[in-house]
Amino acid sequence: MPEIAPLGARKPPSAEAGTPRSSAPEAAAGCCLGSSASGLKEGLGSAPARSGWAWSSFPSARDLPGMNKSEMADEALFLLLHNEMVSGLYRAAEQGDGENGRCISKLENMGFRVGQGLIERFTKDTARFKDELDIMKFICKDFWTTVFKKQIDNLRTNHQGIYVLQDNKFRLLTQMSAGKQYLEHAPKYLAFTCGLIRGALSNLGIKSIVTAEVSTMPACKFQVMIQKI
């Protein structure tokens, strides 16, 4: 079975037969939080998990090296918007307008629609992808860098339709303390991104179920299970 090479500059693949860039969007939600995968081979290199992460409300120049003021402002706005979506849905649930489980589903569906729109823009001038693995590399590097200002730290696959994307410093969790007492709050901050990945893959012709797992903040793993048609 082919080895997964480290993420690097993506070479444009041949325009001959390959995976289409776009397909009809799927409607079913597929977000479950807290699952794990086994028997996975390492690829794309790995990085040690960070520890001792302290509370920080918004990114600073020290946190985001190489970013100009405009990019930092965009980052802060994205974090504020995401936090407001999460807190708004849960406030409504506490007032009797919904249940916590439905909040997770709503956040995942929001992410799904955003992911569909973003991937359509990002791949407009991109050559056809060679295969499923080529698409996953694009998600880990180009897509993740554009949305979260960094690429995925590690990608693993069993070459049977299961991929695990590990982010050792996930942007939407860095505002929370690294203490384990906050782990119970992590799922609501991961649901939107699960939908984001699923929506992006959907518009690239891949139907999937995306789950998330956190054991130590702010590191997290996103597991993608490809559903063969």
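Residues numbered from 1 in each chain as written. Predicted model: local features only at pLDDT ≥ 70, side-chain atom pairs only at ≥ 80, totals over all residues. Heavy atoms only, no water.

(A) Spotlight on the pairing of strand β6 (residues 220-226). Burial within β6 is extensive, with five of its seven residues counted as buried. Taken together, the six bridges between strand β4 (residues 162-167) and β6 define a ladder with antiparallel strand orientation. The residue bridging Q166 from the neighbouring strand is K221, located in β6. Across six bridges, strand β5 (residues 208-213) lies against β6 in antiparallel orientation. Bridged to I209 within β6 is M225. Count of turn residues in the β5/β6 antiparallel hairpin: six residues. (Buried < 20%, exposed > 50% of the residue type's maximum accessible area, 1.4 Å probe, protein only. Helix = DSSP H or I, 4+ residues; strand = E, 2+ residues; numbered from the N terminus. Pairing = 2+ DSSP bridges.)

(B) Layout of the packing of aromatic side chains. One pass over the full model with this rule turns up seven aromatic pairs. Aromatic ring contacts, followed pair by pair, group W144, F148, F170 and F222 into a single cluster. (Phe/Tyr/Trp six-rings, centres within 6.5 Å; stacked < 30°, edge-to-face > 60°.)

(C) The arrangement of the pairing of strand β3 (residues 154-157) in detail. Alignment of β3 against β4, held across four bridges, turns out to be antiparallel. Bridging from a neighbouring strand, L155 pairs with L165 of β4.

(D) Molecular detail of the pattern of salt bridges. Following the criterion strictly, the structure yields four salt bridges and no others. For E132, the salt bridge identified is with K228, shortest N-O distance 3.1 Å. Taken together, the positions of E132 in helix α3 (residues 132-148) and K228 in the segment after β6 put the pair 96 residues apart, joining distant regions of the chain. You can call K228 exposed: its relative accessible area is 61%. For K150, the salt bridge goes to D167, with nearest N and O atoms at 2.9 Å. Residue K150 is located in the loop between α3 and β3, and its partner D167 is located in strand β4; the two are separated by 17 residues in the primary sequence. The pair formed by K150 and D167 is uniform in burial state, with each residue classed as buried. Through salt bridges with shared partners, a single network forms among K150, D153 and D167. (Salt bridge = Lys/Arg side-chain N within 4 Å of Asp/Glu carboxyl O.)

(E) How the structure looks around the nonpolar core. Formed by 48 residues in total, the largest nonpolar core has its most connected members in F143, L165, F170, L173, F222 and V224. Only α1 (69-97), α2 (100-122), α3, β4, α4 (191-202), β5 and β6 provide two or more residues apiece to this core. Among residues more than four places away in sequence, those in contact with V224 are M136, G161, I162, Y163, L165, I197, L201, S208, I209 and V210. (Core = buried A, V, L, I, M, F, W, Y, C linked by side-chain atoms within 4.5 Å. Contact = heavy atoms within 4.5 Å.)

(F) View of the environment of S208. Tracing the backbone shows S208 in strand β5. Residue classification places S208 among the buried residues on the basis of a relative accessible area of 1%.

(G) View of α4. Over its 12 residues, α4 runs 16 Å from end to end, which matches the ideal 16 Å to within 8%, given 1.5 Å per residue. With respect to burial, α4 is a largely interior element, 12 of its 12 residues being buried. Restricting attention to buried positions, one finds in α4 the residues A191, F192, T193, C194, G195, L196, I197, R198, G199, A200, L201 and S202. (Expected span 1.5 Å × (residues − 1).)

(H) Expanded view of the environment of L155. Along the polypeptide, L155 turns up in strand β3. The sequence separation of L155 and M136 amounts to 19 residues, and the corresponding C-alpha distance is 8.7 Å.

(I) Representation of α3. Across its 17 residues, α3 extends 22 Å between first and last C-alpha, which sits within 8% of the 24 Å expected from 1.5 Å per residue. Along α3, the largest kink reaches about 35° and is centred on I139. Among the 17 residues of α3, 12 are classified as buried, and the element is accordingly described as predominantly covered. Those residues of α3 that sit buried are E132, L133, D134, I135, M136, F138, I139, C140, F143, W144, V147 and F148. Its side-chain oxygen at 3.3 Å from the backbone nitrogen of L133, D131 defines the N-terminal cap of α3. Looking at the residues trailing α3, positive phi occurs at K149, about 65°. (Bend = angle between axes of the 7 residues up to and from the residue. Polar contact = N/O pair within 3.5 Å; in protein donor to acceptor, adjacent residues only side chain to side chain.)

(J) View of unusual backbone geometry. Backbone torsion omega between M217 and P218 reads 0°, so that peptide bond is classified as cis. By the element assignment, P218 lies in the loop between β5 and β6. At K149, a position not held by glycine, the phi torsion is positive, near 65°. When you line up the elements, K149 lands in the loop between α3 and β3. A relative accessible area of 31% places K149 in the partly exposed class.

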